[in-house]
Amino acid sequence: MNKQVFSQLLLAWYEKSHRQMPWRGHPDAYAVWISEAMLQQTRVDTVIPYFHRWMQHFPDIHSLAQSSEQDVLAVWEGLGYYTRARNLRKAAQMISEKFNGVLPQTTAELTSLPGIGAYTAAAISSIAFGNDEAVLDGNVKRVLARVFNRETPINTPAGEKAFWQLARELLPIGKAGEYNQAVMDLGATICTPRSPACSSCPLSEVCESRRLGLQQSLPIKLARPPIPHYFVSAAVIQRDNTVLIARRPASGLLAGMWEFPGGKIEENETPQQALTREIREELGCTIQVGTELGLYRHAYTHFRVTLRAFMCTLSQGEPAALDASEINWVMVEHLLQYPMGKIDRMIANDLKK
């Protein structure tokens, strides 16, 4: 297929059918950067209200650079993958120091900032500044694999290299921003992973896999190992009108977020036994485990968690932050002020009820 025809058909479709998003056509490149960070592994419909909320709290690079990590995590809470939020703040501080508070335009400078990889740098550079940079994400790989009937597995180094090369070959000079958004929109709305809407696709007449009846079998992905499943228990330790929460260390999963203390249930342990052990190890005190508050489930990128939370009281010793960066006794109605991961927020919400 003529590669110029590919981009022409795509751009003509995008002009009439592009999705309305608050960061599209925004006069500030900062808005494009924030949107691209939020859209990593997150659906557009989920991102839009968070984008509006973020821009209200941190309308520019300066306000973000001057913010505290806790303020940033609180505004981000619910979007998940919290490293993205911390990296935005760190990058804003670097931009203030190294680039005089102005978001850089080249991919080389952009990738020097925390949290900005090859895809995000190309998206910002092309969409916000009009530079001729191709993008490659899951949507783009799927479109290219189907239209050009490419059977190289997309989740391999060889596939990554081959699809980046194809993406760059297809890029229409001078129209990269519109083109990149067009191919991503097509993958998100029409050339979807399951049941692609081929009859509505502007590329249906030139799609090789559709002509061969192979569109449902592409793109090819190598199978990944099964996702681990962990069973965890957590303690809601009560004292007077407060409950104890702990702040996670500054690095690792959910870094800097607040949680109800606890940990993994080891083999041959009951949830109550695991909780007693974990609290002794983490806080240096002993507890009386009471009634079960609830059962909670959540899936992270690389593992799943099933957690049982119990109402508890102190029986001996005063809690200390042995593993956590800090601990705090908080009134239930004030828990909303402390940024938490998904499961801990569910527990907090159940306590409010």
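This text gives an overview of the structure that appears in the document. Quantities reported herein were computed from a predicted structural model and do not represent experimental measurements.

What counts and what doesn't
Residues numbered from 1 in each chain as written. Predicted model: local features only at pLDDT ≥ 70, side-chain atom pairs only at ≥ 80, totals over all residues. Heavy atoms only, no water. Helix = DSSP H or I, 4+ residues; strand = E, 2+ residues; numbered from the N terminus. Buried < 20%, exposed > 50% of the residue type's maximum accessible area, 1.4 Å probe, protein only. Contact = heavy atoms within 4.5 Å. Disulfide = S-S within 2.5 Å. Salt bridge = Lys/Arg side-chain N within 4 Å of Asp/Glu carboxyl O. Pairing = 2+ DSSP bridges. Core = buried A, V, L, I, M, F, W, Y, C linked by side-chain atoms within 4.5 Å.

## So, the overall build of the protein
Inference 1: Looking only at helices and strands, the protein features 14 helices and seven strands.
Inference 2: Dimensions of the protein, computed from C-alpha atoms along their principal axes, come out at roughly 75 × 50 × 35 Å.
Inference 3: Taking all 353 residues of the protein together, the buried fraction comes to 48%.
Inference 4: Taking all contacts inside the protein whose residues are at least 6 apart in sequence as the whole, residues at least 24 apart take part in 66%.

## Concerning the state of the cysteines
Inference 1: Scanning the entire structure with this criterion turns up zero disulfides.
Inference 2: The thiol of Cys201 is not disulfide-bonded; the next cysteine sulfur, from Cys191, is found 6.2 Å away.
Inference 3: Under the relative-accessibility criterion, Cys201 is labelled buried at 14%.
Inference 4: Cys285 forms no disulfide, and the closest cysteine sulfur to it belongs to Cys312, at a distance of 10 Å.

## Observations regarding the pattern of salt bridges
Inference 1: Counted according to the given criterion, the structure contains 14 salt bridges.
Inference 2: Arg211 is the partner of Glu208 in a salt bridge, and the nearest nitrogen-oxygen pair spans 2.8 Å. In this pair, Glu208 and Arg211 both sit in helix α12 (residues 208–212), three residues apart, roughly one turn of the helix.
Inference 3: Given a relative accessible area of 27%, Glu208 falls into the partly exposed group.

## Section: the pairing of strand β6 (residues 304–316)
Inference 1: Sheet topology places strand β1 (residues 229–239) next to β6; 10 bridges connect them, and they run parallel. Looking at β6, one finds that Phe231 is bridged to Thr306.
Inference 2: The antiparallel pairing of strand β5 (residues 286–299) with β6 creates a hairpin that spans four residues between the two strands.

## Here we look at the nonpolar core
Inference 1: Membership of the largest hydrophobic core comes to 39 residues, with the highest contact counts inside it found for Tyr30, Trp33, Ile34, Met38, Trp54, Leu64 and Leu103.
Inference 2: Among the elements that take part in this core, helix α2 (residues 29–39) stands out by supplying seven residues, more than any other.
Inference 3: Excluding residues that lie within four positions of it along the chain, Leu64 makes contacts with Tyr30, Trp33, Ile34, Trp54, Phe58, Val72, Leu88, Arg89 and Ala92.
Inference 4: Formed by 36 residues, the second largest nonpolar core is a distinct cluster that contains Leu10, Phe148, Trp164 and Leu171.

## Focus on the environment of Thr83
Inference 1: Considering the arrangement of structural elements, one finds Thr83 in helix α6 (residues 83–98).
Inference 2: Taking the C-alpha atoms as reference points, Thr83 and Ser251, separated by 168 residues in sequence, lie 9.2 Å from one another.

## Digging into unusual backbone geometry
Inference 1: With an omega of 0°, the peptide bond between Leu218 and Pro219 qualifies as cis.
Inference 2: Residue placement: Pro219 occurs in the loop between α12 and β1.
Inference 3: Of note, the phi angle at Asp240 is positive, near 55°, even though the residue is not glycine.
Inference 4: With respect to the secondary-structure elements, Asp240 resides in the loop between β1 and β2 (242–247).
Inference 5: Judged by its relative accessible area of 76%, Asp240 falls in the exposed class.

Treat this as a map of the structure, not an account of what it does.
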